[in-house]
Amino acid sequence: MSVTDDAFADPMPVPAVEKIIGVPNSAIMLKELAHLDADTEELVSHARLAGVGYVDHEGLPCSRFITGDPCPVRVLDQQRLVVVIDDEPPPADLSPVGLLLLFPGVGEVLRINGRFATDAAEPWTIRIEEVYVHCSRAVQRARLWELPTPRPRDLPEAQFTAGHLAGPLDDPDVAWLMANSPFLIVSSYGPDSTADTSPRGDAAGFVHRIDGETLAIPDRNGNKRADTFHNLAGDMRIAIAALVPGTDRIAVASGIAMMTTDPDLLTAMSKDGRVPQAALKMRVRDARTMTATKLREMHLWDESSRDGIEQVPNLNAIASKQIARRSATSNPLLALLLRPLNAVPGLMDRLTSFGLNRALVQEGYSPGPAAPLEPIPVRVTSVHRETDDTVSVRLRPQHAWRPGRFRFRFRPGQYYTIALEIDGRVERRSYSVSGPQSRRLQLTVRREPDGTVSNYVNERLRRGDRLRVTGPRGDFTPPIHQDHDLVLIGAGSGITPLYTVIRTALRRREKHQGKGRIVLIYGARDEAHVIFGRQLQRLARRFPERFVLRLHLSRPSPAWQQKPGRISVATLREDFAELGIDKDASYWICASDAMMDTVNAALIELGIPPRAIHEERFTQAAAIEDAPLEPTEVTIRRGTTETARLRVDPGRSILQAALDADVKLPYSCGVGNCGECAVQLLEGTVHMATRNCLTKKEIDDGVILTCVGRPATPAVVVDSAQRRNRDTDLGSGFTTWATAYR
């Protein structure tokens, strides 16, 4: 590849960059320091992962992730620090370097720029020229520190035809890692011999493959510094490093790059109908994967890595103090405003987090990094019967817990887990939200024949009763902003998450004049068992151009004027032929296992691509036959450390026993559907009543779900290292890698 490639011969100049991206607020620039101060010096010692970009001894751009035990960076003094990059020769003296420090569980990063001083006693010594705290949306968009980590997706096996010239991105290992990475660093180099390393993050697979030697990275709204694009205006050299959380593999690539606003490319990178403001287009000269053994040894994505998170200095507070200090003379009014805000511990952090989360939600992302959810004490305000076997329950926080204007915030399609005491035992179940975001939370519960909790809620729960809820959780969150058709298919109580999606999407699309329709194909036994039947009919009348309702009743009354029958391949074929579904539509299914399998097979048969199909299963765990009659001991380990021993009574799950004993284990749905509680079985036998979210390989590898796992033998040992076994959201770039080899 030649660096004079015609497609990259005309980089976008700085004025054009600033016209598109804008210029940063003056307060943003006040965070910059010329060296470490006491706050940032302490902060460096808490970093566990760093991204570093530099120019090697041959003048080629490089980007790497480094870790250390405990810290990948060592401070010599407030103007010098040391990094160590294994198996690499030290760079040339005075060559530029950009450093990005990350802290497990923390959304903000510390960025440090400077130059290598190889004449020092330490060959990887950096002389600092610039330090600042960066409130990185990239970390939040990528959900980088979420526990457990998402499961990577496989790509089709690469098969190159005769005469095909494979580019560096056609390496199967590189392609797999790029397709699954939610987070990478981009290192660029300024015309004045400076360097910068910036974070980029989004849903796994956000990097787009254009061809075997070209990729593109979306650039969404941020703080408008645009260091990378400013640098590329004068020096097109670039390097990136990408990681997949929970693995020890890293992909690195180098080449040249430019900023682009190609409308077709940006449209392909859209999220919920919002296109990025620009993209970084990179011509790759070299790409390879590396094994970072220390990434595995540091356990950065284990729960234990969060043990010291409360000791990490508050980065937002540090940034605010720096702005106040530097604005004392240049902007006295700003300094005066910040003084009382900085005086209240935690206030600036809450304000900054609020602004960041609001911006992320407006972009269609989850608000903030995932964190352990605090149970919310609530009181029942009403129980409304929807059908003879289904009720909707409204809950509000107890005033002593959170007074004032507290609102339940969630994404349409998510669920909460309720905990209530029934006959002396605390039972937990998860139910989808069926109402809008407000000060009251509405959950809808359908009675199951042998369901302890669902029967209690339907028959015995009353206004004024108290319980606890935890959430929200779940990734069954259809796009509500897109201009494409949104096809929702459900049966029975599967309408619950879909109903919230329908109401929200119709309101948003009406407000923003979206063109895509909402199509609901819903199956029930008869008219009396159509949950939210009257409400759905009202919506169909109110939004005749935007909302299409198709009901399929298996045993309707004589008054029913349509053809009876269940949802099937035949009925779906008829519905789709009549409705003319958009070719770019997405399909979201929520039903029982049997119905889910039927619908999924039907969609595939009808030519719907698997990537467009999304599922939410709600099968309840069934009883285990031949369960032991005596209590069984289960030992919980984290890594090689024993953390607890549980006495599991007959018929109880491992999770139930842990909660009874106040032993903290990750969980969410409680019925084997989400995979949040997945752990590794080391010894013994555990039976699972249902395991909807586990693949055959995971089951063969000994992965179990504690929420539905009941020990069949004593001395069962479970490794509680965090891992997620459900699929995660995918970026729009994933398919550009997956389809390259078909």
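Everything numeric here is computed off the predicted structure, so don't read it as measured data.

A look at the overall build of the protein chain
1) Next: Counting its regular elements, the protein chain contains 19 helices and 32 strands.
2) Next: For the protein chain, with 742 residues in total, the buried portion stands at 55%.
3) Next: Counted over contacts in the protein chain with a minimum sequence separation of 6, partners at least 24 positions apart contribute 71%.
4) Next: Surface summary for the protein chain: the accessible area is close to 32500 Å², and the carbon and sulfur share equals 49%.

Thoughts on unusual backbone geometry
1) Next: Residues other than glycine seldom take positive phi values, yet Arg143 does so here, at roughly 50°.
2) Next: Residue classification places Arg143 among the buried positions, given a relative accessible area of 19%.
3) Next: Backbone geometry places Asp423, a non-glycine residue, at a positive phi of 55°.
4) Next: Residue placement: Asp423 occurs in the loop between strand E17 (415-422) and strand E18 (425-432).

Some details on the sheet that holds strand E8 (residues 183-189)
1) Next: Ordered by their spatial adjacency, seven strands build an open sheet running E9-E8-E12-E13-E14-E11-E10, and the pairing between neighbours is antiparallel. If you trace the sheet from one side to the other, it starts and ends with strand E9 (195-201) and strand E10 (208-211), each paired once. Each adjacent strand pair in this sheet contributes to an overall mean axis angle of 35°, direction not counted.
2) Next: As paired strands, E10 and strand E11 (residues 214-219) are joined by three bridges and run antiparallel to one another. When the bridges of E11 are listed, Asp211 appears paired with Thr214.

Side note on helix H14 (residues 533-542)
1) Next: Residues Gln535, Leu536 and Leu539 constitute the buried set of H14. Projection of H14 onto a plane perpendicular to its axis shows the buried side chains occupying an angular sector of 100°, all on one side. Exposed residues pointing more than 90 degrees away from the buried face of H14 are listed as Arg534 and Arg541.
2) Next: Buried-residue contacts for H14 involve strand E15 (376-387), helix H13 (495-511), strand E22 (518-524) and strand E23 (547-553).

Notes on the sheet that holds strand E4 (residues 80-83)
1) Next: Strand order across the open sheet formed by seven strands is E2-E1-E5-E6-E7-E4-E3, with antiparallel pairing between neighbours. One side of each edge strand has no neighbouring strand; the edge strands of this open sheet are strand E2 (61-67) and strand E3 (73-77). The mean angle between the axes of side-by-side strands here comes to 30°, regardless of whether they run parallel or antiparallel.
2) Next: Here E3 runs beside E4; their pairing, made up of four bridges, is antiparallel. For Val73, the partnering residue across the bridge sits in E4 and is Val83.

Examining a positive patch on the surface
1) Next: A contiguous patch of positive charge on the surface is contributed by Arg394, Arg439, Arg440, Arg463, Arg503, Arg507, Arg508 and Lys511.
2) Next: Sort the elements by how many residues they give to the positive patch and H13 lands first, with four residues.
3) Next: Its location among the elements puts Lys511 in helix H13.

Details of the packing of aromatic side chains
To describe a pair of aromatic rings, you give the distance between the ring centres and the angle between the ring planes.
1) Next: Evaluation of the coordinates by the stated rule reveals ten aromatic pairs.
2) Next: The interplanar angle of 85° and the centroid separation of 5.7 Å between the aromatic rings of Tyr54 and Trp124 together place this pair among those described as edge-to-face. Taken together, the residues Tyr54 in strand E1 (residues 49-55) and Trp124 in the loop between strand E6 (109-116) and strand E7 (125-134) connect sequence positions 70 residues apart. Of the two residues, Tyr54 and Trp124, both sit in the buried class.
3) Next: Ring centres of Phe65 and Phe183 lie 6.4 Å apart, and the angle between their planes is 40°; this geometry places the pair in the tilted category. Taken together, the residues Phe65 in strand E2 and Phe183 in strand E8 connect sequence positions 118 residues apart.
4) Next: By way of ring pairs, the aromatic residues Tyr54, Phe116 and Trp124 are connected into one cluster.
5) Next: When the ring centre of Tyr189 is taken as origin, the NZ or CZ atom of Arg237, which lies over that ring, is 5.5 Å away.

Reading the values: rules and limits
- Residues numbered from 1 in each chain as written.
- Predicted model: local features only at pLDDT ≥ 70, side-chain atom pairs only at ≥ 80, totals over all residues.
- Heavy atoms only, no water.
- Helix = DSSP H or I, 4+ residues; strand = E, 2+ residues; numbered from the N terminus.
- Buried < 20%, exposed > 50% of the residue type's maximum accessible area, 1.4 Å probe, protein only.
- Contact = heavy atoms within 4.5 Å.
- Areas by Shrake-Rupley, 256 points an atom, 1.4 Å probe, with all protein chains shown as cover.
- Pairing = 2+ DSSP bridges.
- Axes fitted to C-alpha atoms, helices over the stretch in contact; angles between N-to-C directions.
- Arc of directions from axis to C-beta.
- Patch = residues over 30% accessible without salt bridge, like charges linked within 9 Å, V, L, I, M, F, W, Y side chains within 5 Å.
- Salt bridge = Lys/Arg side-chain N within 4 Å of Asp/Glu carboxyl O.
- Lys, Arg positive; Asp, Glu negative; His and termini not counted.
- Charge placed at Lys NZ, Arg CZ, Asp CG, Glu CD.
- Phe/Tyr/Trp six-rings, centres within 6.5 Å; stacked < 30°, edge-to-face > 60°.
- Lys NZ or Arg CZ within 6 Å of the ring centre and 35° of its normal.

On their own, these measurements won't tell you what the molecule is for.
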